[in-house]
Amino acid sequence: MHEMGIVVSLVDMAVEHAERNHASKVHKVVLQVGSISGVVPRYLMEFYPLVVEGTMLEGSELEIEEVAASVFCTKCATTYDPCRTEMVCPKCGSEECDVIEGRGLMVKEIVIEAASPDGLGGCR
């Protein structure tokens, strides 16, 4: 399952971001997952607590936002959701299309707790 590798990379990225910003803790990571990316969000959620254990992300929340797929028919210029039509244009029946959205995987937000000068911390 490549989802474990994705979670490991995600945690590494979040730790690097937190350290670069002098954070004491990461509270939440928001990840956008395209509906035709081939990534199974349920597996990301299952692996996340295991991977963050012992890191500054331990106890943090992983929020996943699914990005709906959208494709453009190169025959008739119709834009449609390929998941509803099995990659066939609902207007002309063509299977020739370009993916516009829904294939990607992107970190949208990392919520950190920055270390304050007095050592008490604070959210950013």
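You'll find the structure just up there.
Here the residue numbering is sequential within each chain, running from 1 through the sequence in written order. The model is predicted, so local features are restricted to residues of pLDDT at least 70 and side-chain atom pairs to those at 80 or more, both for listing and for counting; the totals for chains, interfaces and linings are taken over all residues. By convention in this description, side-chain values take in all heavy atoms of the structure and omit both hydrogens and water.

Undergrad: Mind showing me how you'd approach the overall build of the protein here?
TA: In this description a helix means any DSSP run of H or I spanning at least four residues, a strand means any run of E spanning at least two, and both kinds are numbered starting from the N terminus. Looking only at helices and strands, one finds 3 helices and 7 strands in the protein. With the radius of gyration taken over C-alpha atoms, the globule rule is written as 2.2 Å times the number of residues to the power 0.38. For the protein, the C-alpha radius of gyration of 19 Å lies well beyond 14 Å, the compact-globule estimate for 124 residues. If one aligns the C-alpha atoms of the protein with their principal axes, the spans along those axes are about 65 × 30 × 15 Å. For every residue, the accessible area (1.4 Å probe, protein chains only) is compared with the maximum for its type, and the residue is labelled buried under 20%, exposed over 50%, or partly exposed between those bounds. Every one of the 124 residues in the protein was classed for burial, and the buried ones make up 32%. Contacts between residues were defined by any pair of non-hydrogen atoms, one from each residue, lying within 4.5 Å. Long-range contacts, defined as pairs at least 24 residues apart, comprise 67% of the intrachain contacts of the protein with a sequence gap of at least 6. Neither His nor the chain ends contribute to the count of charged residues, in which Lys and Arg are positive and Asp and Glu negative. Charged side chains are reduced to one point each, which is NZ for Lys, CZ for Arg, CG for Asp and CD for Glu. Between the centroid of the 10 positive side chains of the protein and the centroid of its 20 negative side chains there is a distance of 6 Å.

Undergrad: Would you mind showing me how to read the nonpolar core here?
TA: Across soluble globular proteins, nonpolar side chains have a tendency to be buried as a group. Here, nonpolar core refers to any group of buried Ala, Val, Leu, Ile, Met, Phe, Trp, Tyr and Cys residues whose side-chain atoms link them within 4.5 Å. Among the nonpolar cores identified, the biggest contains 22 residues, and Val11, Val29, Leu44, Tyr48 and Leu57 are the most heavily contacted of them. Mapped by element, the contributors of at least two residues to this core are helix H1 (2–20), strand E1 (23–34), helix H2 (41–52) and strand E6 (105–114). At 7 residues, the largest contribution of residues to this core is made by H1. Residue contacts for tyrosine 48: discarding those within four places in its chain leaves Val7, Val11, Val29, Leu57, Ser60, Glu61 and Leu62.

Undergrad: What exactly am I supposed to notice about the environment of glutamate 3 here?
TA: With respect to the helices and strands, glutamate 3 occurs in helix H1. Between the C-alpha atoms of glutamate 3 and phenylalanine 47, which are 44 residues apart in sequence, the distance is 7.8 Å. Leaving out residues up to four positions away in the same chain, glutamate 3 has contacts with Gly38, Val39, Val40, Tyr43, Leu44 and Phe47.

Undergrad: In this structure, what is going on with the pattern of salt bridges? I would like to understand it.
TA: Side-chain pairs of opposite charge can arise where the charged atoms are in close proximity. We define a salt bridge as a side-chain nitrogen of Lys or Arg found within 4 Å of a carboxyl oxygen belonging to Asp or Glu. Enumeration over the complete set of coordinates arrives at 6 salt bridges. A salt bridge links glutamate 16 to arginine 20, with the nearest nitrogen and oxygen atoms 3.2 Å apart. Note that glutamate 16 and arginine 20 are positioned in helix H1 at a spacing of 4 residues, about one turn of the helix. Linking glutamate 65 and lysine 108 is a salt bridge whose minimum nitrogen-to-oxygen distance equals 3.2 Å.

Function cannot be read off these values alone, since they describe shape.
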